[in-house]
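# Coordinates in review
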Amino acid sequence: MTWARRAVPAVATAVAALAARDLIQRDHALLRNFPILGRARYLLETIGPELRQYIVAGNNEERPFTRDQRRWVYASAKQENNYFGFGTDNDIEYTPGYPIIKHRTFGRAVPPSSPAAGHDVRLPCAKVLGAARGRARAFRPESVVNISGMSFGSLSGNAVTALNKGAALAGCLQNTGEGGLSPYHRNGGELVFQLGTAYFGCRDEHGRFSLDRLKDLVAGAPVKALEIKLSQGAKPSLGGLLPGAKVSAEIAATRGIPAGQDCVSPSRHAEFSDCDSLLDWVELLAAETGLPVGIKSAVGDLGFWQELATLMRDTGRGVDFVTIDGGEGGTGAAPLIFAEHGLHEQVVFVGAGKLGLPDNAIVAFALGCDLVNVGREAMLSIGCIQAQKCHTDTCPTGVATQNAWLARGLDPASKSVRAANYVRTLRRDLTKVAEACGVEHPGLIGTDAVEILDGRTGSTPLHEVYGYRPEWGLPSPADQAEIIRLMVPEAPKGGSAPPSATAVG
Ligand SMILES: Cc1cc2nc3c(=O)[nH]c(=O)nc-3n(C[C@H](O)[C@H](O)[C@H](O)COP(=O)(O)O)c2cc1C
Ligand code: SF4
């Protein structure tokens, strides 16, 4: 058995060398955290499609993000080819709700011919945030794709850093989430500061909102807008509790709370109690900081939106933006109500909820969204594998954990590039689809460009599904003219071959 005596140490040395390599490399958080063991996942991922296709589940079956959707994000984040070969495996004709985006044969925007063209194209918002209400610090968001609110505390410091640096690289905004503005948010990326019911980061020692602290905070960081969180899809107006064990010194300092003690997020805001007082508070924050101020909510009770829009129309007070956490469908409800009150051109609509994929985002834009926020898709871009253990503090990729050893696996430098690649690729693909629809910018896509299949080979135009009039969901004529002017020199344009002598037009 001499060969065995020789082989065992040789194999052990090779495994140890591989483990050491896994530990120090920075591209794959999973391998940094689980050397050797993590390789099994990559092997399974490689042969997974074949295994699943015949044995377990299809490419469209996993939730919340299907395998195809995740593959699209991963490929985009690595700047690899994100196309699907040999036609779609989606059961298009027989899937109710499937959106069909209609290209225009003789549209005015001519898409470029090369698949990679447009990766670095600027894709700013078609509206100027805060302009309609004359806010001192109104601005045009540089990117229609921005990073959704996800607090430091729910995400690791390394994940927040990666997303913040990624936002800086891609020229987009990062929403802080309701957990305050941490040191990890100060890596160059511009911010939307979110105010939740606990007023983390801008509260006094009794837990009361402090306007002075808010003003100090926004003066000392690149905060471009404020977002008042009313609710989010997964937390419909419920409070929350962060157990004392998880309130580290860092989290305590960021949130403005004592370390090591249970931290309660109330279920209601203390600063306002109805639409009228909400609008007063919005105006106060805007006047004191000069920043545009918006609200974030799931669609929920339509009566709230009706009342808010009526008060805005009748009193002249108003929010500068509305973030709707509700996917394509929910996103349609808010612009519709504001349009009925003649206000849709004065509000920037931000959609969230699986809108970080081109097809979903295009439907949202057609329904009147001006911006989309990406949350979990951005997490996927920095290494999340949808293990769905975010709530257990054992996230294997270091994205959603406060465990220092697991978070160490996530290298912010390389992952920030992935996050930026993903945002840029999504912008590129949105530009391409807009051009295929004959317009220069996704915000100019109207409801007439989309049909929703009924699952029985028939379809209904999007405006009929949501009860829209043709002009609803579009920016004002002046904003449309301006965004076309901004886009035209930007996007590389295609064209035709030189016309022949017998060409007729
Ligand atoms: C880990 C995590 C933390 C979140 N924290 C917040 C938060 O602090 N405030 C908020 O308004 N939404 C929060 N959200 C919701 C997201 O901002 C977003 O609205 C939601 O995930 C839907 O978008 P998505 O499908 O792109 O993920 C969080 C989501 C995740 C996954
Ligand atoms: S626990 Fe799983 S789903 Fe949650 S962030 Fe980590 S890898 Fe992603």
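Residues numbered from 1 in each chain as written. Chains lettered and ligands numbered in written order. Predicted model: local features only at pLDDT ≥ 70, side-chain atom pairs only at ≥ 80, totals over all residues. Heavy atoms only, no water.

### Remarks on helix α9 (residues 302–315)
To keep things clear, this is the line we draw: Think of it this way: any DSSP run of H or I at least four residues long counts as a helix, any run of E at least two long counts as a strand, and we number them from the N terminus. Helix span, as expected, comes to 1.5 Å for every residue beyond the first. Type-normalised accessible area, obtained with a 1.4 Å probe on protein chains alone, sets the label of each residue: buried when under 20%, exposed when over 50%, and partly exposed for intermediate values. Directions from the helix axis toward the C-beta atoms define the arc. Think of a polar contact as two N or O atoms within 3.5 Å of one another; within protein, one of them needs to be a possible hydrogen donor and the other a possible acceptor, and neighboring residues in sequence only count if both atoms come from side chains.
Over its 14 residues, α9 runs 20 Å from end to end, which matches the ideal 20 Å to within 8%, given 1.5 Å per residue. Along α9, the residues classified as buried are Phe304, Trp305, Leu308, Ala309, Leu311 and Met312. The arc enclosing the buried residues of α9, seen along the axis, measures out at 160°, which places them on a common side. Two or three places before Gly303, at the opening of α9, Asp301 has a side-chain oxygen 2.8 Å from that residue's backbone nitrogen. Following α9 by one or two positions, Gly316 adopts a phi angle in the positive range, close to 80°.

### Digging into the site of ligand 2
Condition: Distances are taken per atom, and a residue is near a molecule or strand as soon as one of its heavy atoms is within 4 Å of it. Residues are sorted three ways: Asp, Glu, Lys and Arg are charged, Ala, Val, Leu, Ile, Met, Phe, Trp, Tyr, Cys and Pro are nonpolar, and all the rest, Gly among them, are polar.
Neighbouring ligand 2 are the residues Met379, Cys384, Ile385, Gln386, Ala387, Gln388, Lys389, Cys390, Cys395, Thr397, Val399 and Ala400. Partitioning the shell around ligand 2 into residue classes produces 8 nonpolar, 3 polar and 1 charged.

### Looking at the pairing of strand β10 (residues 348–352)
Every regular strand shows the same layout, with side chains that alternate between the two sheet faces. The test is simple: Strands are treated as partners if at least two bridges between them are detected by DSSP. If the strands point away from the viewer and the path from the first strand over the helix to the second runs clockwise, then the crossover is right-handed.
Counting buried positions along β10 yields 5 of 5 residues, so the element is predominantly enclosed. The side-chain alternation of β10 yields two buried faces, one formed by Val348, Val350 and Ala352 and the other by Phe349 and Gly351. Both β10 and strand β11 (residues 371–374) contribute to a ladder of 3 bridges, which runs parallel. Each bridged residue has a counterpart across the sheet, and for Ala352 the counterpart in β11 is Asn373. Crossover connection from β10 via helix α11 (residues 358–366) to parallel β11: handedness right-handed.

### Notes on unusual backbone geometry
With the exception of glycine, the majority of residues adopt a negative phi angle, and the majority of peptide bonds are in the trans configuration. Backbone geometry at Ile36 places phi at a positive 65°, although glycine is not the residue there. In this structure, Ile36 sits in the loop between α2 (29–33) and α3 (37–54). You can call Ile36 partly exposed: its relative accessible area is 30%. One non-glycine residue with positive phi stands out, namely Gln79, at about 55°. The topology assignment puts Gln79 in the loop between α4 (67–77) and β1 (99–101). For Gln79, a relative accessible area of 48% translates into the label partly exposed.

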